[in-house]
Amino acid sequence: EGMALPQRTVFPQEKICMDWQQRQRPGAGLFNLGNTCYINVILQCLTHTPPLASYLLSYQHSQACQQQGFCMMCTMEAHVRKVLCSSASAILPGAVLRDLKLIGEEFEYGRQENAYEFLRCTLKAMHRACLSGHHDLDISSQGTTIIHQIFGGFMKSRVTCLSCQAVVDSYKAFLDVSLDIRAASSLTTVLEDCVTPKQLDQKHCFRCSKCKKKAAASKKVTVHCAPRVLTLCLERADPWTGTKISKFVEYPEYLDLRPYMSDTAGEPLLCSLYAIVVHTGDTCLEGHFLCYTKASNGLWYQMDDEFVDYCDIHTVLGQQAYLLFYAR
């Protein structure tokens, strides 16, 4: 609907397995080599993402990979296998640290960086690796890598002319969603606000293609295609002052995406929380990252660098979350 269909499919979505293939204890912890906690939390959340882990553990990528030199998919495949299959209580994510500049050139080894930025660069690097060997793909076809098939969705933006009621729809692909939490007390209130139509101010007046005049308009943004794994960033840095927003924002274990979809009719679209990232510290420029992940055995664990400890869901839901990972 209004979106170009891919001419070719890099990875068929029916091959994605949303469940763990085997039940086991959580993976090993990750050593911190000085300000590398932002890397560790993202590696742990991705390692405990069931459809991604299932694919990486199958060796499908490395068996077909023809990439010369650095390949983020091969790096992640080796890392996930090492974490989940190691008998050690903690391992060193050496390959990731060695190729840090190839994942994102802005990252400086030994410097505290942002976990959200590292997540975005890691997913992009994995996506690029999946496209290696595929030439002359149209934009829509490029969006059919396993990374986009797992984490990717589409937002729909509908602008309505308040003079003649004509509508203009546009669509945008996303791998994660960043949310302004300044006025919110819960995740559901943030999402409700996102899908509430907003009147565009005069500066953003658009020229209506139907009534041919500059008119007031309203804009509504909805989730048009929901991703299999929804990644949410609760923005903790105040956009005006840069100070850290340290308040608690309530988030559920199970989230129904249906009320925030373009099509609100139909079955509930239930997602289950399986990982969160927490930032501790008074400012956004310093402090420490840790995460909570749900292992394949269905139990929750706090992962704080090399330390992996069992915890319950009430502990998980009581955190000052920064990143939230939900799986369909």
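In this text the structure is predicted, and so the values were computed from the model without any measurement.

Chemist: Would you explain empty space enclosed by the protein in this entry?
Modeler: Over the atoms rolls a probe the size of a water molecule, and in doing so it shows where empty space is left. The tally for this structure, following the rule as stated, stands at one cavity of 30 Å³ or more. Quantified by volume, the largest cavity comes out at close to 30 Å³. Taken together, Leu30, Asn40, Val41, Gln44, Phe289, Leu290, Met303, Asp304 and Asp305 form the lining of the largest cavity. Those elements that provide at least two residues to the lining of the largest cavity are helix 1 (37–47), strand 13 (288–294) and strand 14 (300–304). Among the elements that take part in the lining of the largest cavity, helix 1 stands out by supplying three residues, more than any other. Of the residues belonging to the lining of the largest cavity, the class tally is five nonpolar, two polar and two charged.

Chemist: Sorry, what's going on with the pairing of strand 12 (residues 270–280) here?
Modeler: Strand residues, when the strand is regular, have side chains that alternate between the two faces of the sheet. Within strand 12, eight of the eleven residues are buried, which leaves it mostly tucked inside the rest of the structure. Where strand 11 (residues 254–256) meets strand 12, three bridges bridge the pair, whose relative direction is antiparallel. Bridging from a neighbouring strand, aspartate 256 pairs with leucine 270 of strand 12. Where strand 12 and strand 16 (residues 321–327) come together, six bridges link them in antiparallel fashion. Looking at strand 16, one finds that valine 278 is bridged to alanine 321. Relative to strand 13, strand 12 runs antiparallel, the two sharing six bridges. Across the sheet, residue valine 278 finds its bridge partner in strand 13, namely leucine 290.

Cut-offs applied
- Residues numbered from 1 in each chain as written.
- Predicted model: local features only at pLDDT ≥ 70, side-chain atom pairs only at ≥ 80, totals over all residues.
- Heavy atoms only, no water.
- 1 Å grid on protein atoms, 1.4 Å probe; cavity = no way out; pocket = protein on both sides within 12 Å on 5 of 7 lines; lining within 4 Å.
- Points joined across faces, edges and corners; volume = space filled by probe spheres on them.
- Helix = DSSP H or I, 4+ residues; strand = E, 2+ residues; numbered from the N terminus.
- Nonpolar A, V, L, I, M, F, W, Y, C, P; charged D, E, K, R; others polar.
- Buried < 20%, exposed > 50% of the residue type's maximum accessible area, 1.4 Å probe, protein only.
- Pairing = 2+ DSSP bridges.

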